[in-house]
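These are the residues of each chain, in order.
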Amino acid sequence: QVQLVESGGGLVQAGGSLRLSCSASGRVVSINAMGWYRQAPGKQRELVADITYGGSTNYADSVKGRFTISRDNAKNTVYLQMNSLKPEDTAVYYCNAFLREIYYMSDTQYWGQGTQVAVSS
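What counts, and at which threshold
- Residues numbered from 1 in each chain as written.
- Predicted model: local features only at pLDDT ≥ 70, side-chain atom pairs only at ≥ 80, totals over all residues.
- Heavy atoms only, no water.
- Helix = DSSP H or I, 4+ residues; strand = E, 2+ residues; numbered from the N terminus.
- Rg over C-alpha atoms; globule rule 2.2 N^0.38 Å.
- Buried < 20%, exposed > 50% of the residue type's maximum accessible area, 1.4 Å probe, protein only.
- Phe/Tyr/Trp six-rings, centres within 6.5 Å; stacked < 30°, edge-to-face > 60°.
- Salt bridge = Lys/Arg side-chain N within 4 Å of Asp/Glu carboxyl O.
- Polar contact = N/O pair within 3.5 Å; in protein donor to acceptor, adjacent residues only side chain to side chain.
- Contact = heavy atoms within 4.5 Å.

A. Just the overall build of the protein chain, in detail. The secondary structure content of the protein chain amounts to zero helices and eleven strands. In the protein chain, the succession of helices and strands from N to C terminus is β-β-β-β-β-β-β-β-β-β-β. Taking 121 residues into account, the globule formula puts the C-alpha radius of gyration at 14 Å, and the protein chain, at 14 Å, falls close to it. The C-alpha extent of the protein chain, read off along each of the three principal axes, is 50 × 25 × 25 Å. Classification of the 121 residues of the protein chain by burial places 39% in the buried group.

Following this line, the structure appears as structure tokens:
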């Protein structure tokens, strides 16, 4: 079995910073794309940023210039550095990964349990 475990959420004032981490554990052979999504109350889950194994990144327009996604392939870990946080960034943030498990012939999508980020004005 594979698990994605997130950490780093919390409460911060507007203009502050947080760093989220997500590590994959279990029978992981390789990880293709990894990313972060978020879901605010009453809204649909949306992509925040994602990153390929080779390091190519993609960001939602609302976070460009403020958030930075990175990964450590040796540690099967993805990070999200969030700077200049705004109240509208308040949401549950979910880690996502497309990965290959032992004995599997194709990638499987996994989600983390979510971590709360709250930004006060």
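B. Seen up close, the packing of aromatic side chains. All chains considered together, the criterion is met by one aromatic pair. Seen in terms of ring centroids, Tyr 37 and Trp 111 are 5.0 Å apart; in terms of plane orientation they differ by 70 degrees. Their pairing is edge-to-face. Linking Tyr 37 in strand S4 (residues 28-39) with Trp 111 in strand S10 (residues 108-111), this pair joins segments that are 74 residues apart in sequence. Judged by relative accessible area, which is 22%, Tyr 37 ranks as partly exposed. Residue classification places Trp 111 among the partly exposed residues on the basis of a relative accessible area of 33%.

C. A look at the pattern of salt bridges. Taken as a whole and assessed by the stated rule, the structure comprises five salt bridges. Between Lys 64 and Asp 61 there is a salt bridge, and its shortest N-O distance comes to 3.1 Å. Pair check on accessibility: Lys 64 and Asp 61 agree, each one exposed. In this structure, the salt-bridge partner of Asp 89 is Arg 66, at a minimum N-O distance of 2.7 Å. Placement of the pair is Asp 89 in the loop between strand S8 (77-82) and strand S9 (91-101) and Arg 66 in the loop between strand S6 (57-59) and strand S7 (67-72), with a sequence separation of 23 residues. Assigned by exposure class, Asp 89 and Arg 66 land together as buried.

D. Representation of the side chain of Arg 38. Along the chain, the position of Arg 38 falls in strand S4. In this structure the side chain of Arg 38 is engaged in a polar contact, spanning 3.3 Å, whose partner is the side chain of Ser 62. Every residue in contact with Arg 38, bar those within four places of it in the chain, is listed here: Gln 44, Arg 45, Glu 46, Val 48, Ser 62, Val 63, Phe 67, Glu 88, Asp 89, Ala 91, Val 92 and Tyr 93.

The quantities given are spatial measurements derived from coordinates; they are silent on function.
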